[in-house]
Amino acid sequence: MKQLLEMLPLILFFAVYQMDGKTLSVGDWQHTIDGIFSATAAMMIATTIQVIVTRLLTGELEKRLLWTTVAVLVFGGATLLFRDERFIQWKPTVFNWVLMLIFVGSQFIGQKNLVERLMGSQIDLPGKIWSRVCWLWSAHFGVVGTLNIVVAYRYSESVWVSYKMYSAIGFTLLLMVLTAALIGPHLKREMATEDTP
């Protein structure tokens with residue numbers, strides 16, 4: 001449920017972009033969809049609603065969701081204000097590179113890296129495994145950020161919009177699989193130890 005809620009603004013961005021040139025009418029109000037600008041406005045509204053709904057349903061506000069919302073509003077606002085799609089195209093790159101720097105930095109600051117701080121209360125793993133998972137996540141954010149801007153500058157806007165939609169799902173699934181591959185053998189060992197009388 002939570003993952004679906006997090007994907008809704010991106011799905012809405014993609015859906016509105018596909019309606020480019022169509023006119024929406026509600027009573028006397030009419031609006032012609034103007035590609036990436038209408039899609040960006042829709043994503044900004046959906047992200048803001050997402051924060052409010054999440055707060056109402058859970059009673060708390062995740063920092064990651066809050067930072068995502070700030071990034072969407074800042075880069076989306078600049079896109080609409082300056083009528084320049086490059087701002088929204090840079091948002092995923094800047095956001096992912098900042099996450100990469102935070103995760104890399106957490107390897108050298110404090111007793112636990114960020115992944116262990118996020119998941120350590122649920123899973124007991126050796127420090128070297130937490131370190132490998134943190135490096136994996138750091139690499140993931142670096143690669144995703146780099147590929148986003150490469151696609152934005154080398155291909156058409158419509159290709160970038162499709163890439164943004166499908167790569168978000170694909171890279172997230174890949175990260176989950178690779179994380180599970182790193183953690184899985186240690187979970188089996190831990191479960192086997194617990195079952196031994």
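Residues numbered from 1 in each chain as written. Predicted model: local features only at pLDDT ≥ 70, side-chain atom pairs only at ≥ 80, totals over all residues. Heavy atoms only, no water.

Turning our eyes to something else, we now look at the pairing of strand 2 (residues 29–32). For strand 1 (residues 23–26) and strand 2, the ladder comprises four bridges, and the chain directions are antiparallel. Bridge pairing in strand 2 links Leu-24 to His-31. In this structure, the hairpin formed by strand 1 and strand 2 is closed by a connection of two residues, where Gly-27 is found at a positive phi of approximately 65 degrees. (Pairing = 2+ DSSP bridges. Helix = DSSP H or I, 4+ residues; strand = E, 2+ residues; numbered from the N terminus.)

Another aspect to go through is the side chain of Thr-54. Along the chain, Thr-54 falls in helix 2 (residues 36–58). Note on Thr-54: relative accessible area 12%, which makes it buried. (Buried < 20%, exposed > 50% of the residue type's maximum accessible area, 1.4 Å probe, protein only.)

So, about the packing of aromatic side chains. Per the counting criterion, the structure on display carries eight aromatic pairs. The structure contains a cluster of three or more aromatic residues connected by ring pairs, namely Trp-90, Trp-97 and Tyr-153. Sitting over the ring of Phe-95, Lys-91 keeps its end group 5.6 Å from the ring centre. (Phe/Tyr/Trp six-rings, centres within 6.5 Å; stacked < 30°, edge-to-face > 60°. Lys NZ or Arg CZ within 6 Å of the ring centre and 35° of its normal.)

With that settled, consider helix 3 (residues 63–82). Spacing of three or four residues puts side chains on the same side of an α-helix, whose turn is 3.6 residues. The end-to-end C-alpha distance of helix 3, which contains 20 residues, comes to 28 Å, matching closely the 28 Å that a straight helix rising 1.5 Å per residue would cover. Considered for burial, the residues of helix 3 that qualify are Leu-65, Thr-68, Thr-69, Ala-71, Val-72, Phe-75, Gly-76, Ala-78 and Thr-79. Looking one or two residues past helix 3, Arg-83 carries a phi angle of roughly 50 degrees, positive in sign. (Expected span 1.5 Å × (residues − 1).)

Further remarks concern the nonpolar core. In terms of nonpolar packing, the biggest core is built from 39 residues, with Phe-13, Ile-36, Phe-103, Val-115, Met-119, Trp-137 and Trp-160 touching the most fellow members. Put simply, the parts of the chain that give this core at least two residues each are helix 1 (2–18), helix 2, helix 3, helix 4 (86–106), helix 5 (114–119), helix 6 (127–154) and helix 7 (157–195). Considering each element in turn, this core owes the most residues, ten residues, to helix 6. (Core = buried A, V, L, I, M, F, W, Y, C linked by side-chain atoms within 4.5 Å.)

Unusually for a residue other than glycine, Arg-83 sits at a positive phi of about 50 degrees. Mapped onto the secondary structure, Arg-83 falls in the loop between helix 3 and helix 4.

What follows is about the environment of Ile-33. Mapped onto the fold, Ile-33 is located in the loop between strand 2 and helix 2. Using a relative accessible area of 4% as the deciding quantity, one classes Ile-33 as buried. Here the alpha-carbon distance between Ile-33 and Tyr-17, two residues 16 residues apart in the chain, equals 7.8 Å. Ignoring any residue separated from it by four or fewer positions in sequence, one finds Ile-33 in contact with Val-16, Met-19, Asp-20, Gly-21, Lys-22, Leu-24 and Ser-38. (Contact = heavy atoms within 4.5 Å.)

Residues Leu-61, Leu-66, Trp-67, Val-70 and Val-74 make up a contiguous nonpolar surface patch of about 460 Å² in total accessible area. Examined against the element boundaries, Val-70 turns out to sit in helix 3. (Patch = residues over 30% accessible without salt bridge, like charges linked within 9 Å, V, L, I, M, F, W, Y side chains within 5 Å. Areas by Shrake-Rupley, 256 points an atom, 1.4 Å probe, with all protein chains shown as cover. Salt bridge = Lys/Arg side-chain N within 4 Å of Asp/Glu carboxyl O.)

This part covers the packing of helix 2 against helix 3. Look at helix 2 against helix 3: their axes get within 9 Å of each other, and the N-to-C directions meet at 155 degrees. Considering their axes alone, helix 2 and helix 3 lie roughly antiparallel with respect to each other. Seen from above, helix 2 lies across helix 3 with left-handed handedness. Note on element contacts: helix 3 touches helix 2 through Leu-65, Thr-69, Val-72, Leu-73, Gly-76, Gly-77, Thr-79 and Leu-80, opposite Phe-37, Thr-40, Ala-41, Met-43, Met-44, Thr-47, Thr-48, Gln-50, Val-51 and Thr-54. Among the residues forming the contact of helix 2 with helix 3, the class breakdown is nine nonpolar, nine polar and no charged. (Axes fitted to C-alpha atoms, helices over the stretch in contact; angles between N-to-C directions. Parallel < 35°, antiparallel > 145°, perpendicular 65-115°, else oblique. Left-handed = near helix turned anticlockwise from the far one by under 90°. Nonpolar A, V, L, I, M, F, W, Y, C, P; charged D, E, K, R; others polar.)

What follows concerns the packing of helix 3 against helix 4. Between helix 3 and helix 4, whose axes approach to 8 Å, the crossing angle comes to 155 degrees. On the basis of their axis angle, the class for helix 3 and helix 4 is roughly antiparallel. The way helix 3 lies across helix 4 gives a crossing that is right-handed. Touching Trp-67, Thr-68, Ala-71, Val-72, Phe-75, Gly-76, Ala-78, Thr-79 and Phe-82 of helix 3 are Phe-87, Ile-88, Trp-90, Lys-91, Val-94 and Phe-95, all from helix 4.

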